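Residue-level structural notes
So you can see what is in the structure, the chains are spelled out below.
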Amino acid sequence: MSPTIDYDAPTPPYQQIAAEIIRDIESGTLSIDRPIPSESTLIQRWGVARDTARRAVRHLRELGYVYTVPQRGTYVRDRSEGEHQGDE
């Protein structure tokens, strides 16, 4: 069963997607320095527009949960490092 977006919720769709990924990170389903699902996967899994998937990833980056390596992907950041450095 695919996850669904609650369009009636006060939380925007991109934040709902980010919250699900955060749960996966905090539960250990997604490990440090391992990739998160690609934008294409998020689009397919959630049935959202590309912009929504990009906003979800950007939100995760802003919160310090992930980092992006250009032309490689987006990976789970080790949040125990203390200060977060910019994207690599």
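This section reports on the structure supplied with the text. (Residues numbered from 1 in each chain as written. Predicted model: local features only at pLDDT ≥ 70, side-chain atom pairs only at ≥ 80, totals over all residues. Heavy atoms only, no water.)

Here we look at the packing of aromatic side chains
Using the following cut-off: Two aromatic rings from Phe, Tyr or Trp, using only the six-membered ring of Trp, form a pair when their centres are within 6.5 Å; if the ring planes differ by under 30 degrees the pair is stacked, by over 60 it is edge-to-face, and anything between is tilted. Burial here depends on accessible area, computed with a 1.4 Å probe over protein chains only, as a share of the maximum for the residue type. Under 20% is buried, over 50% is exposed, and the range in between is partly exposed. Any Lys NZ or Arg CZ that is within 6 Å of a ring centre and within 35 degrees of that ring's normal is treated as a charge sitting over the ring.
Inspection of the entire model under this criterion finds one aromatic pair. Ring centres of Y67 and Y75 lie 5.7 Å apart, and the angle between their planes is 25°; this geometry places the pair in the stacked category. Since its relative accessible area comes to 9%, Y67 is described here as buried. Over the aromatic face of Y65 sits the side chain of R79, whose NZ or CZ is 3.9 Å from the ring centroid.

As for the side chain of T74
For the record, the criterion: In DSSP terms, a helix is any run of H or I states spanning at least four residues, a strand is any run of E spanning at least two, and both are numbered starting from the N terminus. Between N or O atoms, a polar contact is any pair within 3.5 Å; within protein, one atom must be a potential hydrogen donor and the other a potential acceptor, and residues adjacent in sequence are included only when both atoms are from side chains. In what follows, a contact means two residues having at least one pair of non-hydrogen atoms within 4.5 Å.
Inspection of the secondary structure assignment puts T74 in strand β2 (residues 73-76). Residue T74 is classed as buried on the basis of its relative accessible area, which comes to 13%. Within the structure, T74 has its side chain in polar contact with the side chain of T68 (distance 3.0 Å). Not counting residues within four places of it along the chain, the set of residues in contact with T74 comprises R34, P35, I36, V57, V66, Y67 and T68.

Side note on the pairing of strand β1 (residues 66-69)
The condition is simple: When DSSP finds at least two bridges between two strands, those strands are taken to pair.
Here β1 runs beside β2; their pairing, made up of four bridges, is antiparallel. In the sheet register, Y67 faces β2, and the bridge partner there is Y75. Hairpin connection of β1 to β2: three residues between the antiparallel strands, including Q71 at a positive phi of 65°.

Details of the nonpolar core
Heads up, the condition is: The term nonpolar core refers to a set of buried residues drawn from Ala, Val, Leu, Ile, Met, Phe, Trp, Tyr and Cys, joined through side-chain atoms within 4.5 Å.
Judged by nonpolar contacts, the single largest core of 19 residues is most densely connected at I17, I21, I25, I36, L42 and L60. Here the element with the most residues in this core is helix α1 (residues 13-27); it accounts for six residues. With residues near it in sequence (within four places) discarded, I17 still touches I5, L42, W46, V48, T52 and A56.

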